[in-house]
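Observations on the three-dimensional arrangement
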Amino acid sequence: MTAALTWEKQGETLALNGELDRDTLLSFWNARQQQMSAVQTVDVSGLSHVDSAGLAMLVRLRGERPEAPFVLSGVSANLQMLMSLYGVEFEFSQNA
């Protein structure tokens, strides 16, 4: 059973929690335009698992706002490795 994906927006930060994978991302994807307005930082420290579909969603979110600030914070070692394997780490500014 896959853990749910939840999110919480506080000011310019959107925190994602749970699992971000092909089974969980649809609910956020459908709400992304409203949720991403004025967001500059996406906190991924609450994610226990991210698969390639979840990474693709993060890349797409970045691509939808090419001129806006977009920082990933709380990137785990596993997510960093996935980003490196797919060659997309340069897409994001990162905060520890």
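The structure reproduced in this document is the subject of the present report. (Residues numbered from 1 in each chain as written. Predicted model: local features only at pLDDT ≥ 70, side-chain atom pairs only at ≥ 80, totals over all residues. Heavy atoms only, no water.)

1. A few points about the pattern of salt bridges
The final tally for this structure, using the stated rule, is 3 salt bridges. Two residues, arginine 22 and aspartate 23, come together in a salt bridge whose shortest N-O distance is 3.6 Å. Within this structure, Arg32, Arg60 and Glu64 form a network of salt bridges that share partners. (Salt bridge = Lys/Arg side-chain N within 4 Å of Asp/Glu carboxyl O.)

2. As for a nonpolar patch on the surface
A contiguous nonpolar patch, built from Met81, Leu85 and Tyr86 and spanning about 380 Å² of accessible area, is present on the exposed surface. Secondary-structure assignment places leucine 85 in helix H3 (residues 77-86). (Patch = residues over 30% accessible without salt bridge, like charges linked within 9 Å, V, L, I, M, F, W, Y side chains within 5 Å. Areas by Shrake-Rupley, 256 points an atom, 1.4 Å probe, with all protein chains shown as cover. Helix = DSSP H or I, 4+ residues; strand = E, 2+ residues; numbered from the N terminus.)

3. Looking at the nonpolar core
Membership of the largest hydrophobic core comes to 24 residues, with the highest contact counts inside it found for Leu16, Leu20 and Leu72. Setting aside residues up to four positions removed in sequence, leucine 72 forms contacts with Val42, Val44, Leu58, Met83, Phe92, Ser93, Gln94 and Asn95. (Core = buried A, V, L, I, M, F, W, Y, C linked by side-chain atoms within 4.5 Å. Buried < 20%, exposed > 50% of the residue type's maximum accessible area, 1.4 Å probe, protein only. Contact = heavy atoms within 4.5 Å.)

4. Some thoughts on helix H1 (residues 25-36)
Over its 12 residues, H1 runs only 14 Å from end to end, short of the ideal 16 Å by more than 12%, given 1.5 Å per residue. Considered for burial, the residues of H1 that qualify are Leu25, Phe28, Arg32, Gln35 and Met36. Taken end-on, H1 shows its buried residues confined to a sector of 100°, consistent with a single buried face. In this structure, H1 carries Leu26, Asn30, Gln33 and Gln34 as exposed residues pointing more than 90 degrees from its buried face. Buried positions along H1 lie against strand E1 (5-10), strand E2 (13-20), strand E3 (41-50) and helix H2 (52-63). Just downstream of H1 lies alanine 38, where phi reads positive at about 70°. (Expected span 1.5 Å × (residues − 1). Arc of directions from axis to C-beta.)

5. Points about the packing of aromatic side chains
Going through the model one piece at a time under the given rule, you end up with 2 aromatic pairs. An angle of 75° between the planes, with centres 5.0 Å apart, marks the rings of tryptophan 7 and phenylalanine 28 as edge-to-face. Here phenylalanine 28 lies in helix H1 and tryptophan 7 lies in strand E1, a separation of 21 residues in the sequence. Centre to centre, the rings of phenylalanine 70 and phenylalanine 92 are 5.9 Å apart; their planes meet at 40°, and the pair counts as tilted. In this pair, phenylalanine 70 is assigned in the loop between H2 and strand E4 (71-73) and phenylalanine 92 in the loop between H3 and strand E5 (93-95), connecting sequence segments 22 residues apart. Assigned by exposure class, phenylalanine 70 and phenylalanine 92 land together as buried. Cation over ring: arginine 32 sits above tryptophan 29, and NZ or CZ is 3.6 Å from the ring centre. (Phe/Tyr/Trp six-rings, centres within 6.5 Å; stacked < 30°, edge-to-face > 60°. Lys NZ or Arg CZ within 6 Å of the ring centre and 35° of its normal.)

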